[in-house]
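# Structural description and commentary
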Amino acid sequence: MTIELLANGLNDEVVIDLSTFDTLEEMKNQLQKSLAIVHKYGKENQIYIDVGIKRLTERQLRELESMVAENGFYLKALKNSENRNRHDNRRETVINPNTQFVEGAETVMLCRHLRSGQKIFTQGNIVILGDINPGAEIIAGGNILVMGSLRGMAHAGALGDEEAVIAAFKLNPTQLRIASHITRAPDGERLEVNNPEIARIRAGKVVIERLKI
């Protein structure tokens, strides 16, 4: 489960993608997980639900609406992913269940760069095949691996896992967090390192070491 916050316009919109789930029970389970993450990280209180090409009965709609309300949100409308305007210039948060499972843990892979203003949240591990630019944020319940430059903010073990790590080909972040431990970039420019590095908790502090491959 991934939440992506795109700062593309003036309006805020949270879209929960349930289009890949077939049964009402599956949709409700995913909806509950998604609302928990939006509640923890989001500020918007209006929720849209994308059901793809499915048609919901009145009872099914009311059950989903009730779950949204019980979590302190308001169901604004249903969306159809087939008709969503991809050129709509709005700020949109998308909760997408397109993940793969590795050894029982949820892992997400993104093949692109993150620019300033973008935020990515996932409950499990995440691999970024690209750069995280200054002003971009990535938050994961598990580990974070960046196959590029990490120059924004990264928070691994966000759900309290102090064994989580952050690794990048070029590690020059504005802020690193692992569980409740925080480290910030020192004043002035940090010396560029051309070797992959890894950040982990040692003796209660975030330390950065050369990543031996």
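What counts and what doesn't
- Residues numbered from 1 in each chain as written.
- Predicted model: local features only at pLDDT ≥ 70, side-chain atom pairs only at ≥ 80, totals over all residues.
- Heavy atoms only, no water.
- pLDDT = per-residue confidence, 0-100.
- Contact = heavy atoms within 4.5 Å.
- Salt bridge = Lys/Arg side-chain N within 4 Å of Asp/Glu carboxyl O.
- Helix = DSSP H or I, 4+ residues; strand = E, 2+ residues; numbered from the N terminus.
- Patch = residues over 30% accessible without salt bridge, like charges linked within 9 Å, V, L, I, M, F, W, Y side chains within 5 Å.
- Areas by Shrake-Rupley, 256 points an atom, 1.4 Å probe, with all protein chains shown as cover.
- Core = buried A, V, L, I, M, F, W, Y, C linked by side-chain atoms within 4.5 Å.
- Buried < 20%, exposed > 50% of the residue type's maximum accessible area, 1.4 Å probe, protein only.

### Some details on the confidence of the model for the protein chain
- Considering every residue of the protein chain, the mean pLDDT works out to 77; 75% of them sit at 70 or more.
- The model gives residues 83-105 a pLDDT under 50, and that stretch makes 64 contacts with residues more than four places away or in other chains.

### Notes on the pattern of salt bridges
- Applying the stated criterion across every chain, the model contains six salt bridges.
- Here Lys28 and Glu63 are joined by a salt bridge, their closest N and O atoms 2.8 Å apart. Within this pair, whereas Lys28 is found in helix 1 (residues 24-41), its partner Glu63 is found in helix 2 (residues 58-70), the two being separated by 35 residues in sequence.
- Each of Lys28, Arg59 and Glu63 takes part in salt bridges that share partners, so that together they form one network.

### A closer look at a nonpolar patch on the surface
- On the surface, Met109, Leu129, Leu145, Met147, Phe169 and Ile213 cluster together into a nonpolar patch covering about 580 Å² of accessible area.
- Structurally, Met147 is set in strand 11 (residues 144-150).

### Notes on unusual backbone geometry
- One non-glycine residue, Ala179, lies in positive phi territory at about 55°.
- On the secondary structure map, Ala179 appears in the loop between strand 14 (175-178) and strand 15 (181-184).
- Its identity as a non-glycine residue notwithstanding, Ala203 has a phi of 55°, on the positive side.
- Among the secondary structure elements, Ala203 is positioned in the loop between strand 16 (197-202) and strand 17 (205-210).

### A word on the nonpolar core
- The biggest cluster of nonpolar side chains holds 24 residues, and the ones touching the most others in it are Ile126, Ile132, Ile138, Ile144, Leu150 and Ile166.
- At the level of secondary structure, the elements contributing two or more residues to this core comprise strand 7 (105-110), strand 9 (125-128), strand 10 (137-140), strand 11, strand 12 (153-156), strand 13 (166-171), strand 14 and strand 16.
- Those residues within four positions of Ile138 in sequence are excluded, and the remaining contacts are Ile120, Ile126, Ile128, Ile132, Ile144, Met153, Ala154 and His155.
- Counting residues in each nonpolar core, the second largest holds 17 residues, with Val38, Ile47, Ile49 and Leu75 among its members.

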